[in-house]
Number of protein chains: 2
Amino acid sequence: MIHVTATTPPRTRLTPDERRSQLLDLGVRLLAVRSLEELSIDVIADEAGISRGLLYHYFGGKQGFYEAVVQRAADDLFEQTAPPPEGEPLDRLLVSLTGYVDYVVANTAGYRSLVKAASGSNESLSAIYETTFAALADRFFTADPDGLVLQDTPPVRLIIHAWQAMVEDLVLTWIDDPAGLTRDDLLHVITGSLPAIGSLLP
Amino acid sequence: MIHVTATTPPRTRLTPDERRSQLLDLGVRLLAVRSLEELSIDVIADEAGISRGLLYHYFGGKQGFYEAVVQRAADDLFEQTAPPPEGEPLDRLLVSLTGYVDYVVANTAGYRSLVKAASGSNESLSAIYETTFAALADRFFTADPDGLVLQDTPPVRLIIHAWQAMVEDLVLTWIDDPAGLTRDDLLHVITGSLPAIGSLLP
DNA sequence: TCATTCTATTGACAGATATTCAATAGTGGC
DNA sequence: GCCACTATTGAATATCTGTCAATAGAATGA
């Protein structure tokens, strides 16, 4: 581990992988404190103790850096909510959903920034978000390949997409003000609402 | 360059109300084409045929202008989805929800920009969005003051908030790809899902 | 009609941020 | 220890936001 003091600016030379990884970690970490727009090149460079030019060398520009950071945050979310490899399909989904709630609780600020970044103006950032949540939706079909619970059809995809938006809002709003609901109450609403909404399809 | 050959810009002088109104209209109109971040002071000033300085004079800055434009768009939404003054409570709500769907269909790009702006980093823009949707939620209670359908409690507010997020996502996603669902199918899901989710509360 | 006053409007200027690129300096190979 | 390679820098440029004293259109009063 290399210790860099704030007073002396020694030019530390890392391998491209190390440097890239360091900057992405820093970006994700700062994303929990500042929003993406406040995450200027200057701020990152100062915080990492490098020059602005280096960020451009690695990520091409602000946009490229944002994309890499958001992708990293999305990957974190996806990995940390992975369902267990064994078990009954419904159980595995329940564990995964519980993991999602716990992840958002433990990482609220960062998750909020991720959502903001995705909903923001940029096309490629939205694409990262959409791809991630489509992959999360896939778990409903891979966990139950026979389609006993849900069949992979366009209307069902539509419903799952909207249900995901609801769950996201529900968890984030609940964190701000639980309104008397326990974590288990919340999970009951989350798990019960998907079949309830699905049954409304023609 | 001092000598301007082609067109001498005629400085048109309006009353403050007229000018303010003109700029807000232009802002809302451009919001349907460009996102809020692309709506720079320069763009607005050019499009309106005025100087940058004037925008600062009227709105204090980019932030103030954004707030005014978003507030205007939110007001439009609220007014154009007003429920009819007479009728059965459930009928009035159904008309209002139908009006919401039709508004988003007719004004998709603008509504998307509104959502993006609200989800964006800024605190005061989010507040405008939240206040507007809280006012929309109020309609559930003012339409049915006796609370026969829903009672105004924190858990119910939480559910309505999440349900609104779902409806918003549902309509916007449906517009992109109806997935075989008709407008009536969509409204059936929308209207049926709120009591379905509400019944999951402890 | 003309002069005067008020203020809507402008344009030049300053500061911050994004981006580029030739020059610099670690680090590994010989 | 020398050399080649390339990670890294810092100065220069461009674009955007924000400020403010100066300008000019329009109403008022004679």
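Residues numbered from 1 in each chain as written. Chains lettered and ligands numbered in written order. Predicted model: local features only at pLDDT ≥ 70, side-chain atom pairs only at ≥ 80, totals over all residues. Heavy atoms only, no water.

Engineer: Describe the overall build of chain A, naming the residues involved and giving the relevant values.
Structural biologist: Regarding its fold elements, chain A presents nine helices and zero strands. Listing each helix as α and each strand as β along chain A from the N terminus yields α-α-α-α-α-α-α-α-α. Dimensions of chain A, computed from the C-alpha atoms along their principal axes, are close to 65 × 35 × 35 Å. Looking at chain A as a whole, 47% of its 202 residues qualify as buried. (Helix = DSSP H or I, 4+ residues; strand = E, 2+ residues; numbered from the N terminus. Buried < 20%, exposed > 50% of the residue type's maximum accessible area, 1.4 Å probe, protein only.)

Engineer: Go over the environment of A:Leu31 with me, naming the residues and quoting the values.
Structural biologist: Residues and elements named next belong to chain A. Relative to the helices and strands, Leu 31 resides in helix α1 (residues 16-31). Classification of Leu 31 by relative accessible area gives buried; the value is 2%. Separated by 121 residues in sequence, Leu 31 and Asp 152 place their C-alpha atoms 35 Å apart. Non-local contacts of Leu 31, meaning those with residues more than four positions away in its chain, are made with Leu 36, Leu 39, Val 69, Ala 109, Gly 110 and Ser 113. (Contact = heavy atoms within 4.5 Å.)

Engineer: Just give me the short version of the domain arrangement of chain A, but keep the residues and values in it.
Structural biologist: Residue and element names in this part refer to chain A. Considered domain by domain, chain A is made up of domain 1 (16-66) and domain 2 (71-198). The straight-line distance from the C-alpha centre of domain 1 to that of domain 2 is 28 Å. The largest per-residue losses of area from domain 1 upon contact with domain 2 belong to Val 28, Leu 31 and Gln 63, which jointly make up 45% of the total buried on that side. Run the count over domain 1 and domain 2 and you get one salt bridge. For Asp 25, the salt bridge identified is with Arg 72, shortest N-O distance 2.4 Å. (Domains from an automatic or database assignment. Buried area = accessible area lost by both parts, 1.4 Å probe. Salt bridge = Lys/Arg side-chain N within 4 Å of Asp/Glu carboxyl O.)

Engineer: If you had to explain the interface of chain B and chain A to someone new, which residues and values would you point to?
Structural biologist: Listed per partner, the contact involves 32 residues of chain B and 32 residues of chain A. Taking both sides of the interface into account, the surface hidden between chain B and chain A amounts to around 2800 Å²; carbon and sulfur atoms contribute 75%. Our enumeration of links across chain B and chain A arrives at zero salt bridges. Between the two partners, chain B and chain A, sit eight residue pairs in polar contact (both at pLDDT 80 or more). Considering only residue class, the side of chain B that touches chain A consists of 19 nonpolar, nine polar and four charged. (Polar contact = N/O pair within 3.5 Å; in protein donor to acceptor, adjacent residues only side chain to side chain. Nonpolar A, V, L, I, M, F, W, Y, C, P; charged D, E, K, R; others polar.)

Engineer: Hey, could you go over a nonpolar patch on the surface for me, with residue numbers and the actual values?
Structural biologist: On the surface, a nonpolar cluster with roughly 340 Å² of combined accessible area is contributed by A:Leu90, A:Leu148 and A:Val149. Positionally, A:Leu148 belongs in the loop between α7 (123-142) and α8 (154-176). (Patch = residues over 30% accessible without salt bridge, like charges linked within 9 Å, V, L, I, M, F, W, Y side chains within 5 Å. Areas by Shrake-Rupley, 256 points an atom, 1.4 Å probe, with all protein chains shown as cover.)

Engineer: Residue-level account of the nonpolar core, with values.
Structural biologist: Of all hydrophobic cores here, the largest spans 134 residues; its most connected members are A:Tyr111 and B:Tyr111. Not counting the four nearest positions on each side in its chain, B:Tyr111 is found in contact with B:Leu77, B:Tyr100, B:Tyr103, B:Val104, B:Phe133, B:Glu168 and B:Leu172. (Core = buried A, V, L, I, M, F, W, Y, C linked by side-chain atoms within 4.5 Å.)

Engineer: Lay out the side chain of A:Ser96 with the relevant residues and their values.
Structural biologist: Secondary-structure assignment places A:Ser96 in helix α5 (residues 89-106). Every residue in contact with A:Ser96, bar those within four places of it in the chain, is listed here: A:Thr81, A:Pro83 and A:Arg139.

Engineer: How would you summarise the environment of A:Gly60 if you had to cite specific residues and measurements?
Structural biologist: Residues and elements named next belong to chain A. When you line up the elements, Gly 60 lands in the loop between α3 (52-59) and α4 (62-80). Residue class for Gly 60 comes out exposed when judged on its relative accessible area of 61%. Taking the C-alpha atoms as reference points, Gly 60 and Asp 177, separated by 117 residues in sequence, lie 41 Å from one another.

Engineer: Hey, could you go over the protein's contact with DNA strand D for me, with residue numbers and the actual values?
Structural biologist: As a matter of local geometry, DNA strand D sits amid 22 residues, with A:Leu14, A:Arg19, A:Tyr58, B:Tyr56 and B:Lys62 nearest to it. For DNA strand D, the backbone portion of the atoms within 4 Å of the protein, that is sugar and phosphate, comes to 70%. Contact between DNA strand D and A:Arg19: a phosphate oxygen at 2.8 Å from a side-chain N or O atom of the residue. B:Tyr56 is positioned with one of its side-chain polar atoms (N or O) 3.2 Å from a phosphate oxygen of DNA strand D. Among the elements of the structure, α1 and α3 of chain A together with α2 (41-48) and α3 (52-59) of chain B are those that each provide at least two residues to the surface near DNA strand D. With four residues, the top contributor of residues to the surface near DNA strand D is α3(A). (Near = heavy atom within 4 Å.)

Engineer: Break down the pattern of salt bridges for me, citing the residues and quoting the values.
Structural biologist: Residues and elements named next belong to chain A. Here the structure, examined in full by the defined rule, presents 14 salt bridges over all chains. Among the ionic pairs, Asp 138 bridges to Arg 157, the shortest N-O distance being 2.7 Å. With a gap of 19 residues between them, Asp 138 in helix α7 and Arg 157 in helix α8 connect regions that are remote in the sequence. Overall, the relative accessible area of 32% leaves Asp 138 in the partly exposed class.

Engineer: So what's going on with helix α4 (residues 62-80) of chain B? Which residues, and what values?
Structural biologist: All names here are of chain B. Compared with an ideal rise of 1.5 Å per residue, which puts 19 residues at 27 Å, α4 spans 27 Å between its outermost C-alpha atoms and is within 8% of the ideal. Residues Phe 65, Tyr 66, Ala 68, Val 69, Val 70, Ala 73, Ala 74 and Leu 77 constitute the buried set of α4. Packed against the buried residues of α4 are α1 (16-31), α2, α3, α5 (89-106), α6 (108-119) and α7 (123-142). (Expected span 1.5 Å × (residues − 1).)

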